[in-house]
Amino acid sequence: MSINRRDFLKGAAAGGAAVATCAAVATSPAEARENKELPPKAVGLLYDSTLCIGCKSCVVACRQANDTHPEFNTADPLWDTPLDLSGYTLNVIKLYAEGTADHKDQEENGFAFIKKSCMHCVDPSCVSVCPVTAMQKDPETGIVSHDPSACIGCRYCVASCPFGVPRFQYDTPTPRIQKCQMCKHRQAVGQIPACAEVCPTGATLFGPVTALREETERRHALTPGQPNLFPRKTVDNLADGHEKPAAHYQPSTYGLTEMGGTQMMLLSGVSYQKLGYPVLGPDSNASASESIQHTLYKGMVAPVAVLAGLMYAAHKHTKHDGRDED
Amino acid sequence: MSKHAPIGGPLVTRTTVIAAVLVAISVVLLGVRFLYGLGAVANINNGYPWGIWVVYDVVISTGLACGGYAMALLVYILNKGKYHPLVRPALLASMFGYSLGGFSVIFDLGRYWNFWHIMTPGFANPNSVMFEVALCVACYCMVLWIEFSPAFAEKWAGPELKQKLNKVLFVFIALGCLLPTMHQSSLGSLLIVFGQLIHPLWQTKMLPLLFLLSALAMGFSIVIFEATLVTSAYKRPSEAKILGFVTRYIVVLMSAYLVIRWGDIIIEGKLPLVFSSGGLSFMFLLETALFALPIILMGPKANRNNERLQFIAALAMLVGGGLYRIDAYLVSYGRAGWHYFPSVGELLMTLGIIAVEILAYIVFVKKLPVLHPVSKMGEPRIVERATAAATTK
């Protein structure tokens, strides 16, 4: 069998073009889609594990505010015992315990509480991947919300969230995706998120992201053991604050840079990884994904050019069909 | 007159009865799924929201349905007329593979009644890789039915319709080459957003290229696989000679694949992970072995016309391509504390979908002009002409 030179060149050209396109995608930073920026009026939450006493008032308040039912995981259904976020639980307080678990905010022989709820990423994967725009990020406040009336239930958001936040309901024929929407319905009528509203120690605070970031810097600068006045409910609400010795904080705030930053941030005495939060780089996964898509399909130029070439070849190689009946 | 002819024969055979039983079981399982929710049948959960219904029914089965794409590229774009007898059966398998892959997505969608949103301006999100995949797969399904329509025209309509079809068919042939290029690569791009949730041996910006190359090689392999099975099942003369030529493309594609996959791993400094990742190291090396097998078997010219070696090479490629997709989507994916293994119901559903494909394929080749007829001499009429132009009928 001999490969005719012309065909070989055509084949080589087509293959070469495909390889070149993909190579260009992989190596061209010029086309890269950068992380998205923090919206101008971004609001968020600050959860300080060292202030949390594990009362779970926020879990109860979240249920009331978002109309979710309790989850039972004990033999007798006596207490609301959600084990994790689920299709019916949007906010949960978990416990880290090690060894004798005697000392609060200590990694060895200690314990600490941690809140799990939506991080409201600055550049969320769920919004990028949702094929039907059911996941949306508010351009002003940056709240990441979900619209079940648009959702097709493909669960790409569940699969792609680096924090494992959106949850699907597997036990019903009419399932929904559930996630914290920062009580946007309460904010719309001038209230603050229910979890921050009820927190007795100010462990969960609501406020503008810039103010919350300043507050984390202030806490990092505190001398451990020295008394400090901590606000409650909102970041500026020192009038209703309470005094407590500052804790030994981890050197960084979680959510400042992770995944391009998040609008919910964490402070803790115990490492964030031990509390179940992953180590994440500064580039958002959405930007990596969209860089590739946008390079390949920019203005649909490449696909249209390839289609034109294919149509030329296909036409040339089938044009005798009409008369060359056998 | 057409070069294709129905092969005839009874429709009720042992194979078709077994397939029908599997389909019936799936229908019952579907009823349970639609009455009680996905969790009533499938083991998917919030740590592994995608199970084999996504990974086999869509990702792998469309890869296995790339025969029509691969052969159309060869015959109509690269003008290799001699492969023409392989095009129509390949298109038929692709048509069923894609149609069922596309259709079975409905079973996996939690809120399937909204599925039309994905094609609707105002809802559709062009940033989403899944949007691109869905749009391309849906369009390609339609293109496949049109590409295959000359067979329907030959059976039920006059030559005029077929002549009209032939005038515009090149547009659909071109689309039939573009669309799979787009969505088969995108099935790799889908995973990029998963970032660190996927093990670094699989997570790479080369995913789209690796998925595309392996999908094409799976396309050529399924043509060899099906031709060999059809030849033996319906006692048709061997097509080993022409299939031997097809194996060369698998060798080229998978050589490129392995160079890119290993090259990327070396350049990114991930080489130690190849040996230090426990079970995942094993899976990675198993994939490489399965992909290397067709190269080793079909590289030497002397082996190419050996029917058994062809079949083993094609099978290794199909299993390797399937394993690569299962690994990339499920095995290398994970969150601490979560587990997934398909339930019996999930597996039976998938078997049922495969059974539908086999049933439909059998009915079509027996009743419609799909395969080239066997001549009196007992030799297949391989058309050894230089261009496809004279042979596209």
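Worth saying up front: this structure is predicted, and the values here are computed from it rather than measured.

**Considerations on the overall build of chain A**
Link 1 in the chain: Scanning chain A from N- to C-terminus turns up nine helices and 12 strands.
Link 2 in the chain: Considering only contacts in chain A between residues 6 or more positions apart, those separated by 24 or more positions represent 62%.

**Structural notes on the overall build of chain B**
Link 1 in the chain: When helices and strands are counted, chain B shows 12 helices and zero strands.
Link 2 in the chain: Along chain B, from the amino end to the carboxyl end, the secondary structure elements read α-α-α-α-α-α-α-α-α-α-α-α.
Link 3 in the chain: In terms of its C-alpha atoms, chain B occupies a principal-axis envelope of roughly 65 × 50 × 45 Å.
Link 4 in the chain: Here the analysis covers contacts within chain B between residues at least 6 apart in sequence; of these, 81% occur between residues at least 24 apart.

**A short note on the interface of chain B and chain A**
Link 1 in the chain: Tallying the contact residues gives 65 residues for chain B and 60 residues for chain A.
Link 2 in the chain: Among the secondary structure elements, those contributing two or more residues to the side of chain B that touches chain A are helix H1 (14-36), helix H3 (67-77), helix H5 (129-156), helix H6 (159-189) and helix H7 (207-233) of chain B.
Link 3 in the chain: Element by element, the count of residues in the side of chain B that touches chain A is highest for H6 of chain B, at 12 residues.
Link 4 in the chain: Broken down by class, the residue content of the side of chain B that touches chain A amounts to 40 nonpolar, 18 polar and seven charged.

**Looking at the sheet that holds strand S4 (residues 110-116) of chain A**
Residues and elements named next belong to chain A.
Link 1 in the chain: Read across the sheet, three strands follow the order S2-S4-S3 without closing on themselves; strand pairing throughout is mixed. Looking along the sheet, the strands with just one partner apiece sit at the ends: strand S2 (92-97) and strand S3 (103-104).
Link 2 in the chain: Of the pairings in the sheet, the one linking S2 to S4 comprises six bridges and is antiparallel in character. In the strand pairing of S4, Leu95 is matched with Phe113.

**Re the nonpolar core**
Residue and element names in this part refer to chain B.
Link 1 in the chain: Counting residues in each nonpolar core, the largest one holds 212 residues, and the members touching the most others are Met71 and Val223.
Link 2 in the chain: The leading source of residues in this core is H7, at 16 residues.
Link 3 in the chain: Setting aside its immediate chain neighbours within four residues, Met71 contacts Tyr83, Leu86, Val87, Ala90 and Val223.

**Looking at the sheet that holds strand S1 (residues 43-48) of chain A**
All names here are of chain A.
Link 1 in the chain: Pairing in this open sheet of three strands is mixed, and the strands run S9-S1-S12 from one edge to the other. With one partner strand each, in any of the chains shown, strand S9 (204-208) and strand S12 (264-267) form the two edges of the open sheet. The mean inter-strand angle of the sheet, taken between neighbouring strand axes irrespective of direction, is 25°.
Link 2 in the chain: Sheet topology note: the S1/S9 ladder contains five bridges and is antiparallel. Its bridge partner lying in S9, Tyr47 is registered against Thr204.
Link 3 in the chain: Where helix H7 (residues 209-220) meets the sheet, it contacts S1, S9 and S12, and its direction lies at approximately 130° from that of S9.

**Let's talk about the confidence of the model for chain B**
All names here are of chain B.
Link 1 in the chain: Per-residue confidence for chain B gives a mean pLDDT of 89, with 94% of residues at or over 70.
Link 2 in the chain: Within the model, the stretch residues 376-393 combines pLDDT values under 50 with 49 contacts to residues more than four positions away or in other chains.
Link 3 in the chain: Both scores are given for the predicted complex: the pTM is 0.90, the ipTM 0.89.

**Comments concerning unusual backbone geometry**
Residue and element names in this part refer to chain A.
Link 1 in the chain: The backbone of Lys56 sits at a positive phi, close to 65°, despite the residue not being glycine.
Link 2 in the chain: Of note, Lys56 is situated in the loop between S1 and helix H2 (57-66).
Link 3 in the chain: Take Lys56: there are 18 C-beta atoms within 10 Å of it, and that puts it in the partly exposed class.

**Observations regarding the pairing of S1 of chain A**
Residue and element names in this part refer to chain A.
Link 1 in the chain: Along S1, six of the six residues are buried, which leaves the element largely enclosed by surrounding structure.
Link 2 in the chain: Neither face of S1 is open: one carries Val43, Leu45 and Tyr47, the other Gly44, Leu46 and Asp48, and all of them are buried.
Link 3 in the chain: As paired strands, S1 and S12 are joined by four bridges and run parallel to one another. Looking at the pairing, Tyr47 lines up with Leu266 of S12.

**Overview of the packing of helix H4 (residues 84-108) of chain B against helix H12 (residues 344-367) of chain B**
Residue and element names in this part refer to chain B.
Link 1 in the chain: At their nearest, the axes of H4 and H12 sit 10 Å apart, and the two run at 145° to each other. Like other packed secondary-structure pairs, H4 and H12 cross with a definite hand, here right-handed. Taking contact as the criterion, the partners of Leu92, Ala93, Phe96, Gly97, Leu100 and Ser104 in H4 are, on H12, Ile353, Val356, Glu357, Ala360, Tyr361 and Phe364.
Link 2 in the chain: In the contact of H4 with H12, the residues fall into nine nonpolar, two polar and one charged.

**Section: the pairing of S4 of chain A**
Residues and elements named next belong to chain A.
Link 1 in the chain: With five of seven residues buried, S4 is to be regarded as a mostly interior element.
Link 2 in the chain: Inspection of the sheet shows S3 paired to S4 by two bridges, in the parallel sense. Within S4, the residue paired with Lys104 across the bridge is Phe111.

**Side note on the packing of helix H8 (residues 240-267) of chain B against helix H11 (residues 307-331) of chain B**
The description of two packed helices rests on the angle between their axes and on the distance between the axes.
Residue and element names in this part refer to chain B.
Link 1 in the chain: Closest axis-to-axis distance for the H8/H11 pair is 10 Å, and the angle between their directions is 35°. In this structure, the crossing between H8 and H11 has a hand that is left-handed. Between H8 and H11, the residues in contact are Ala240, Leu243, Gly244, Thr247, Ile250 and Met254 and Glu307, Gln310, Ala313 and Met317, respectively.
Link 2 in the chain: Its residues placed into classes, the contact of H8 with H11 shows six nonpolar, three polar and one charged.

Thresholds applied
Residues numbered from 1 in each chain as written. Chains lettered and ligands numbered in written order. Predicted model: local features only at pLDDT ≥ 70, side-chain atom pairs only at ≥ 80, totals over all residues. Helix = DSSP H or I, 4+ residues; strand = E, 2+ residues; numbered from the N terminus. Contact = placed C-beta atoms within 7 Å. Nonpolar A, V, L, I, M, F, W, Y, C, P; charged D, E, K, R; others polar. Pairing = 2+ DSSP bridges. Core = buried A, V, L, I, M, F, W, Y, C linked by C-beta atoms within 7 Å. Buried ≥ 20, exposed ≤ 12 C-beta atoms within 10 Å, placed from the backbone. Axes fitted to C-alpha atoms, helices over the stretch in contact; angles between N-to-C directions. pLDDT = per-residue confidence, 0-100. Left-handed = near helix turned anticlockwise from the far one by under 90°.

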